[in-house]
Amino acid sequence: MSFPIDLRAIARRAMVDTGFVPDFPAGASRELDSLARETSARAESVHDLRSMLWSSIDNKESQDLDQIEVAEQLANGDIRVLIGIADVDSRVPKGSALDQHAAQNTTSVYTGVTTFPLFPPEISNNLTSLLEDSDRLAVIIDLTIAVDGRVSAVIVNRALVRNRAKLAYEAVGNWLENVGPAPERVRSSPELAEQLRLQATASERLHTERLRGGALEFETVEPQPVMRDGGVVALELREKNKARMLIENLMVAANSAMATYLERRGWPTLERVVRTPERWPRIVAIAAEHGERLPETPDSVALAAFLEKSRRAHPETFVDLSLAIVKLIGAGEYVVVHDANEPFIHFGLAVQDYTHATAPNRRYADLITQRLLKAALAGGPCPYSAEELGQIAGQCNDRARAARKVDRQMRKVAAASLLSDCIGATFEAIVTGASPKGVFVRVKNPPVEGRVVRGEAGMDVGGRVRVRLLATDPQRGYVDFAGMDR
């Protein structure tokens, strides 16, 4: 007899086991009580940009809105794009109980079953969230994007803003791609429709310029559990579309601009890098298996060209190739940059200077950068020493690894739950990990990952294999496969 599985309890246990603190401290509750008595937007000497036609694009269910955007066509063909970032620092002072808790966890953790936010929902889903029809403080990144995609001017300031339309990726993406109707807010406002198309044009310019520099384009799968009556009934994929690409390109430009802005003031900065991949020889070998030759030394431009050619030639299997390359390149990490001339390059994005600053409700590193920006704007001293930033970078890197571990475990929990009645079934799969800790594969349909516990000899990342499901353990998130001769 099977018993219901408490997926939320499993998620909470995964958080605790990886060193997260899922509950907010008592001091945070007292701070929230104080904040509740304050107005939603404090009267400060900042620009008033509430009359502009700001909008946000995010997941349909998201309430922790970190960014809003607005664009303007300039007479010379350039496009001016303003990106408003939620001013979380105005509600979460440095050293407060809320700040100390965030400094420990450093990130919101999305398990698909439940969310463990960086800040209490009263903060991230309300007081600092750039919600529709609400006055909010924001840090503004003002970019001028030339016809060739180069960012020719950057201005940073603070302002009072008002989101005029909360939009969702899927609906906006379908409309931009001409495969679905305009969202109701867009349909009822020709000005908003024009705004979004202008933002999309700016995004395309930025994207083209990044590709010239060797930015890597991947197509990865992020299966999310579809829940019904507390159980997993399916795994749903969130795929890239024009709306997601629009936001991604604007955020990359904003993050790069903010890193450069701080570096030019001679301050130490907390930057995000993806280092040159150590497993480049394996990437070269995978390219050779596809009939292509890559240089012996890492070259992002050559790799980008190979990926684009593969996407066009084999769109149905490109996601598998993407996943293998992503694994081999490795995850990004935070570093402290002391000098603008230090050669830190984000290999995957093909940008020299890059920070995380556009999601302060969700990532602690972004809040740190926001404080640096605000101090620089005010002409005050740097709020963090290089040593403090180094400690923060180390904690953020550690917690990012832990968050990925929770994410992987909960994906396996969901997969094990979904596959519990499929013991003995066989699947086509791709090898996603191969190390002394074990060999892991991702099944194509449904899109789940598991460990090969038998017959794994000779398997390596990127290899295509056939596996048979041996066992599942939803409580521990185990999905065990056996390798089969092809």
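Quantities reported herein were computed from a predicted structural model and do not represent experimental measurements.

About the cut-offs
- Residues numbered from 1 in each chain as written.
- Predicted model: local features only at pLDDT ≥ 70, side-chain atom pairs only at ≥ 80, totals over all residues.
- Heavy atoms only, no water.
- Core = buried A, V, L, I, M, F, W, Y, C linked by side-chain atoms within 4.5 Å.
- Buried < 20%, exposed > 50% of the residue type's maximum accessible area, 1.4 Å probe, protein only.
- Helix = DSSP H or I, 4+ residues; strand = E, 2+ residues; numbered from the N terminus.
- Contact = heavy atoms within 4.5 Å.
- Axes fitted to C-alpha atoms, helices over the stretch in contact; angles between N-to-C directions.
- Parallel < 35°, antiparallel > 145°, perpendicular 65-115°, else oblique.
- Left-handed = near helix turned anticlockwise from the far one by under 90°.
- Nonpolar A, V, L, I, M, F, W, Y, C, P; charged D, E, K, R; others polar.

A.B. asks: For the nonpolar core, give the residues involved together with the corresponding values.
C.D. replies: Formed by 79 residues in total, the largest nonpolar core has its most connected members in Ile57, Ile83, Ile141 and Val161. No other element matches helix α8 (residues 242-263), which puts eleven residues into this core. Those residues within four positions of Ile57 in sequence are excluded, and the remaining contacts are Glu69, Leu167, Ala168, Tyr169, Val172, Leu196, Ala243, Leu246 and Ile247. In terms of nonpolar packing, the next biggest core, distinct from the first, is built from 34 residues, Ala416, Val431, Val448 and Phe481 among them.

A.B. asks: Now, about the packing of helix α10 (residues 300-313) against helix α11 (residues 318-329): what can you tell me, with residues and values included?
C.D. replies: Packing of α10 against α11 leaves a shortest axis separation of 9 Å and a crossing angle of 160°. Judged by the inter-axis angle, α10 sits roughly antiparallel to α11. Pair α10 / α11 crosses with left-handed handedness. Contacts between α10 and α11 involve Leu303, Phe306, Leu307, Ser310 and Arg311 on the former and, on the latter, Phe318, Leu321, Ile325 and Ile329. Taken together, the residues that form the contact of α10 with α11 break down as seven nonpolar, one polar and one charged.

A.B. asks: Residue-level account of the environment of Gly450, with values.
C.D. replies: Following the sequence through the fold, Gly450 ends up in strand β15 (residues 448-454). What makes Gly450 buried here is its relative accessible area of 0%. Sequence separation of Gly450 and Val439 is eleven residues, and the distance between their C-alpha atoms is 8.7 Å. Setting aside residues up to four positions removed in sequence, Gly450 forms contacts with Lys412, Val439, Phe440, Val441, Val479 and Phe481.

By themselves, these are just geometric observations and shouldn't be taken as functional.
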